[in-house]
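Architecture at a glance
The lines below spell out each chain.
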Amino acid sequence: MNRETAVSNQNTSPPWPWIAAALAAHTSWGAYPVLARYLQTISQLPSMSLLAFGNTLVLILIGFWYSPRLDRHIFRSRILWAFSLIVVARSITNLLAARFTLSIYVQLITQMTPFLVVLLTAVFLHEPLPRYTGRAITLGAIGALLMMSAQVGEAGITLSLTPSDWLGLGLAFISSLSLALYMIVVRRTVRHNVPGEAVFIVQLVTLVTVSTLVSLLLGEDWSRYRAINLTDWLVFGVFTFGVFLGANLGQINALRHLGAPMVGSLLAWRLVSALVVAAFLLHERLTTAWQLFGAGLVLVTITWYLWQQQTR
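These numbers were taken from a predicted model, which means no experiment stands behind them.

1. Brief notes about a nonpolar patch on the surface
Taken together, Phe-173, Ile-174, Leu-177 and Leu-181 make up a surface patch of nonpolar side chains, about 320 Å² in accessible area. Of note, Leu-181 is situated in helix α8 (residues 163-191). The partly exposed category is assigned to Leu-181, whose relative accessible area is 36%.

Structure, rendered in structure tokens:
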């Protein structure tokens, strides 16, 4: 086999390792609200301390690995620091949302992020809406209502939501709106030739700084970490190194090798991950046929819509 044939075969071989990396990252992000809810409601760990402590551990590891290879002038980029403020809003609201409502609901609202992205880009960047956006939003909304329903009958859909759930859903929506802005700003960082590692480090530094200050201002009791058991520490380890570290690195590398459209088209897998992990760890399950149908409708709609954009 000559060199040209070998190179051709290498270029046309299926990128299955990177698809697996993308799925692993989506699996971790899908489990995020479940792990966050467990640590806040069962382990009783203070919310801001989770962000501060977990991201500090990751920053120490990432700092040793990446910082010697990064150009310090990159950190003067205004777009990076604007990005960091969005990250703070996204992370805090996403964490608190899981404290007040079911983790499945938090992940469900996150599934609506692609629609928020296209709507924001249409309003502020005057980009045309992709085909089928209106239909996909309608079907996704119907599926979401069915998932949160207590009863479906002649009177319509009765939602099984408490005031705490509404608060959590509101926070989840703000978090998804922040995530949509995050995605738009990340597109701008690519145009400014900002490396993904620099974006990640700025994200960690900002989260550690802000969450630590907020935790101290709120007077959170960090001594709670001395009282938790081995299971709690295992969940915290998965939360920190499986999500904050593993999901971020997996996503960065998958984006490099597959591109944003391909990685984004797998977003619906996060809802599957949330449903499975929530059932195992928190015993939160969909209990009616209508709720299961709603979940299936959301999964099919999001996957179909994103694949439509990916193929374009």
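Continuing now.
2. With respect to the confidence of the model for the protein chain
Here the protein chain averages 84 in pLDDT, while 86% of its residues score no lower than 70. Residue range residues 1-12 is modelled with pLDDT below 50. Its contacts to residues more than four positions away, or to other chains, number two contacts.

3. Some points on the packing of aromatic side chains
Evaluated as defined, the whole model comprises 14 aromatic pairs. With centroids separated by 5.4 Å and ring planes inclined at 25°, the aromatic side chains of Tyr-32 and Phe-239 adopt a geometry described as stacked. Placement of Tyr-32 in helix α2 (residues 16-42) and of Phe-239 in helix α10 (residues 230-258) is noted, with a sequence separation of 207 residues between them. Residues Tyr-32 and Phe-239 agree in their burial class; the two are buried. For the ring pair Phe-53 and Trp-222, a centre distance of 6.4 Å and an interplane angle of 45° mean the geometry is tilted. One end of the pair, Phe-53, is in helix α3 (residues 47-66); the other, Trp-222, is in the loop between α9 (196-218) and α10, and 169 residues separate them in sequence. Residue classification places Phe-53 among the partly exposed positions, given a relative accessible area of 24%. Classification of Trp-222 by relative accessible area gives partly exposed; the value is 34%. Linked through ring pairs, Phe-53, Trp-222, Tyr-225, Trp-233 and Phe-236 together constitute an aromatic cluster.

4. Side note on the packing of α2 against helix α4 (residues 78-100)
Closest axis-to-axis distance for the α2/α4 pair is 8 Å, and the angle between their directions is 65°. Taken as a pair, α2 and α4 cross one another with a handedness that is right-handed. Of the residues in α4, those touching α2 at Tyr-32, Pro-33, Ala-36, Arg-37, Gln-40 and Thr-41 are Ser-91, Asn-94, Leu-95, Leu-96, Ala-98, Arg-99 and Phe-100. A breakdown of the residues in the contact of α2 with α4 according to their chemical character gives seven nonpolar, four polar and two charged.

5. Overview of the environment of Phe-239
Classification of Phe-239 by relative accessible area gives buried; the value is 0%. Sequence separation between Phe-239 and Pro-33 is 206 residues, and the spatial gap between their C-alpha atoms is 9.5 Å. Leaving out residues up to four positions away in the same chain, Phe-239 has contacts with Tyr-32, Leu-35, Ala-36, Leu-39, Leu-50, Leu-95 and Phe-244.

6. Focus on the nonpolar core
One recurring pattern in soluble globular proteins is that nonpolar side chains are buried together. One finds Tyr-32, Leu-39, Leu-50, Ile-62, Leu-95, Met-147 and Phe-239 to be the most contacted residues of the largest nonpolar core, which totals 62 residues. Excluding anything up to four places from it in sequence, Met-147 contacts Ile-104, Tyr-105, Leu-108, Leu-271, Leu-286, Gln-291, Gly-294, Ala-295 and Val-298. Listed in part, the 12 residues of the second largest apolar core include Phe-83, Val-87, Ala-198 and Leu-207.

Analysis parameters
Residues numbered from 1 in each chain as written. Predicted model: local features only at pLDDT ≥ 70, side-chain atom pairs only at ≥ 80, totals over all residues. Heavy atoms only, no water. Patch = residues over 30% accessible without salt bridge, like charges linked within 9 Å, V, L, I, M, F, W, Y side chains within 5 Å. Areas by Shrake-Rupley, 256 points an atom, 1.4 Å probe, with all protein chains shown as cover. Salt bridge = Lys/Arg side-chain N within 4 Å of Asp/Glu carboxyl O. Helix = DSSP H or I, 4+ residues; strand = E, 2+ residues; numbered from the N terminus. Buried < 20%, exposed > 50% of the residue type's maximum accessible area, 1.4 Å probe, protein only. pLDDT = per-residue confidence, 0-100. Contact = heavy atoms within 4.5 Å. Phe/Tyr/Trp six-rings, centres within 6.5 Å; stacked < 30°, edge-to-face > 60°. Axes fitted to C-alpha atoms, helices over the stretch in contact; angles between N-to-C directions. Left-handed = near helix turned anticlockwise from the far one by under 90°. Nonpolar A, V, L, I, M, F, W, Y, C, P; charged D, E, K, R; others polar. Core = buried A, V, L, I, M, F, W, Y, C linked by side-chain atoms within 4.5 Å.

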